[in-house]
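So the chains spell out like this:
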Amino acid sequence: MLATVLVVVLAAVGLAVVRPGPVAGWLGGEAAAPAASAEASEPDPSAVLAEPDPNAPVPSADGLRAALEPLIRAAALGDRVNVSVADVATGQALYGSGQDAPTVPASVTKLATAVTVLAARGPAYRIPTRAVAGATPGEVVIVGGGDPTLAVDKNGFYPGAARLDDLAAQVRNALGGTAPTRVTVDSSLFSGPVYEPGWDDDIPTGGFGAPITALMTDGARRDAEAARKNFDATHGAAERFAQPDLTAGRQFARLLGLSGDAAEVKRGKAPAASGASATAGAPTPGTELGKVQSLPMVRLVDIMISDSDNVIAETLARQVALARKQPASFAGGAAATDAVIGELGLPADEISLADGSGLSRTNRISPSLLTDLITLAGNGSHPELAAIFGGLPVGGWSGTLDDRYQAAVTKAGAGVVRAKTGTLSRVNAIAGLVTTADGRLLTFAVLTDQAPENSTDATRQALDRITSALAGCGCR
């Protein structure tokens, strides 16, 4: 049903944005209370953006050049501005300036991560967290599957996430009369360094990144409830645990009723299931005692894009790696992403990644590859990829574009531009969709990686002027 909903709502470039409605429950969010009667049922969500007109005229290359080139030369964008504009329905390249040049993409990288994980795993895939019987009676091994949204209880950071207290209840029931004695943490699914070597020095301590481990709760945030309440004020930054897997293991041990020394945990490997019969009622080593599953992949992609969640992005890149039999590491995720882009028929030589979030300055993506990715997701040829559009922020309305497109020179883009942004010092990027004044749906990518120092606000407005120009003109 989930796949059908996505096809109906998003395929064939019918990309209308709707306010939240019953679909939130279908995708794993908090369920709405049952309707008392048919008359009291929740109404269909109302559209807040019109669908594009498939018969609208396509902008001309000369028209786009006249509208965009004066804006591309803005001093706030620096000396290197690379641009690609294409038509979503036909895939026709309409305008380019340095469109094939490898450019630092910052968080726009998440579009590549989103497309490849949806291709590799599918929108309905859920990431499991398991508990199995350990080698000794009463030992419980919690096995991380790479779900970054796993919560301790109902007060978690991510609404609708899988919960450790549910897993603990399953374990107690499966153990029967055997009392838990200790917890071992198996986070071996992920390998390699927990921080990408190309990240800026302040990423581990600045609150926007975390050690990437196969077991964690609340994206490794120390105080999930406070982080949720202060999200807008802090722009998503939050203090993170240094060893998220061991922290999650200790949280799980307490939920099993362990305390003191018994609540301390160590890393280890889960024993393989033997298939042997139980002895004196105790589960044999490796027997599964419980399992909880993440939100569907489509919801994880939504959150990653709308909140620019770096931790989710890194774990989803590892899901691409696992699906393609690569090591679940920074390097494995990058190699698998490259492979899936090639499988989709896109130029894999125009992307070179070190991570899945865009925090690394060694990442390179061409603007034309970004518009190719968006076109492929929006033209109906791969309906499963259309899930990337659900989380795209809307100019002046949601996500990282909520407070943009407010000035008179950019207001044409408010409510019309849907895009992923990217920001590092001296790096600014934006890529997404825009409907022209004539009703034609275009995709664009504008990347600059040599912006002036301390010019973030001015650079963002210069980018917004470019995309607003696309929204406000027929460009014929």
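It should be noted that the structure appears before, not after, this text.
As a starting point, this report considers the structure included with it. Model, not experiment: these values are computed from the prediction.

**A look at the pattern of salt bridges**
Here's step 1: Taken as a whole and assessed by the stated rule, the structure comprises 17 salt bridges.
Here's step 2: Ionic pairing is found between arginine 65 and glutamate 69, a salt bridge with its closest N-O pair at 3.9 Å. With a gap of four residues between them, arginine 65 and glutamate 69 both fall in helix 3 (residues 61-72), about one helical turn apart.
Here's step 3: With a shortest N-O distance of 3.8 Å, glutamate 314 and arginine 318 are connected by a salt bridge. Here glutamate 314 and its partner arginine 318 are both found in helix 11 (residues 310-323), four residues apart, which amounts to about one turn of the helix.

**Focus on the packing of helix 10 (residues 297-307) against helix 11**
Here's step 1: Running from N to C, helix 10 and helix 11 point in directions that differ by 140°, and their axes come no closer than 9 Å. Taken together, the axis directions place helix 10 and helix 11 in an arrangement best described as oblique. Judged by the twist between their axes, the crossing of helix 10 over helix 11 is left-handed. Across the interface between the two elements, Met297, Leu300, Val301, Ile303 and Met304 from helix 10 touch Ile312, Ala313, Leu316 and Gln319 from helix 11.
Here's step 2: Considered class by class, the residues forming the contact of helix 10 with helix 11 number eight nonpolar, one polar and no charged.

**Some words on the environment of arginine 221**
Here's step 1: Mapping arginine 221 onto the fold places it in the loop between helix 6 (203-206) and helix 7 (224-229).
Here's step 2: Expressed as a C-alpha distance, the spacing of arginine 221 and glycine 209, which sit twelve residues apart in the sequence, is 9.9 Å.
Here's step 3: With residues near it in sequence (within four places) discarded, arginine 221 still touches Phe157, Tyr158, Ala227, Gly236, Ala238, Glu239, Arg240, Phe241 and Asp309.
Here's step 4: A polar contact of 2.8 Å, which involves the side chain of arginine 221, links it to the side chain of tyrosine 158.

**Notes on the state of the cysteines**
Two cysteines form a disulfide when their sulfur atoms are joined by a covalent bond.
Here's step 1: Overall, the coordinates contain one disulfide when judged by the stated rule.
Here's step 2: Each sulfur of the disulfide joining cysteine 473 and cysteine 475 lies 1.6 Å from the other. Torsion about the S-S bond of the cysteine 473 and cysteine 475 cystine: about -65°, corresponding to left-handed handedness. With respect to burial, cysteine 473 and cysteine 475 carry one shared label: buried.

**Thoughts on the sheet that holds strand 12 (residues 441-448)**
Here's step 1: The five strands lie next to each other as 2-1-12-11-10, forming an open sheet whose pairing is antiparallel. Strand pairing shows two members of the sheet lacking a second neighbour, strand 2 (93-97) and strand 10 (418-424), which therefore form its edges. Between one strand axis and the next, the sheet turns by 5° as a mean value, whatever way the strands run.
Here's step 2: Looking at chain direction, strand 10 and strand 11 (residues 427-435) are connected through seven bridges and run antiparallel. Residue pairing across strands places glycine 422 opposite alanine 429, the latter belonging to strand 11.

**A look at the sheet that holds strand 7 (residues 288-293)**
Here's step 1: Read from one edge of the open sheet, five strands run 6-5-4-3-7, paired in mixed fashion. One side of each edge strand has no neighbouring strand; the edge strands of this open sheet are strand 6 (266-267) and strand 7.
Here's step 2: Strand direction decides the pairing type here: strand 5 (residues 182-186) and strand 6, joined by two bridges, are parallel. If you follow valine 185 over to strand 6, its bridge partner there is arginine 267.
Here's step 3: Relative to strand 7, helix 5 (residues 164-175) is tilted by about 160°, and along the sheet it contacts strand 3 (128-133), strand 4 (139-143) and strand 7.
Here's step 4: Most of the contacts of helix 9 (residues 244-255) go to strand 5, to which it runs at about 150°, and overall it touches strand 3, strand 4, strand 5 and strand 6.

So, how was this worked out
- Residues numbered from 1 in each chain as written.
- Predicted model: local features only at pLDDT ≥ 70, side-chain atom pairs only at ≥ 80, totals over all residues.
- Heavy atoms only, no water.
- Salt bridge = Lys/Arg side-chain N within 4 Å of Asp/Glu carboxyl O.
- Helix = DSSP H or I, 4+ residues; strand = E, 2+ residues; numbered from the N terminus.
- Axes fitted to C-alpha atoms, helices over the stretch in contact; angles between N-to-C directions.
- Parallel < 35°, antiparallel > 145°, perpendicular 65-115°, else oblique.
- Left-handed = near helix turned anticlockwise from the far one by under 90°.
- Contact = heavy atoms within 4.5 Å.
- Nonpolar A, V, L, I, M, F, W, Y, C, P; charged D, E, K, R; others polar.
- Polar contact = N/O pair within 3.5 Å; in protein donor to acceptor, adjacent residues only side chain to side chain.
- Disulfide = S-S within 2.5 Å.
- Buried < 20%, exposed > 50% of the residue type's maximum accessible area, 1.4 Å probe, protein only.
- Pairing = 2+ DSSP bridges.

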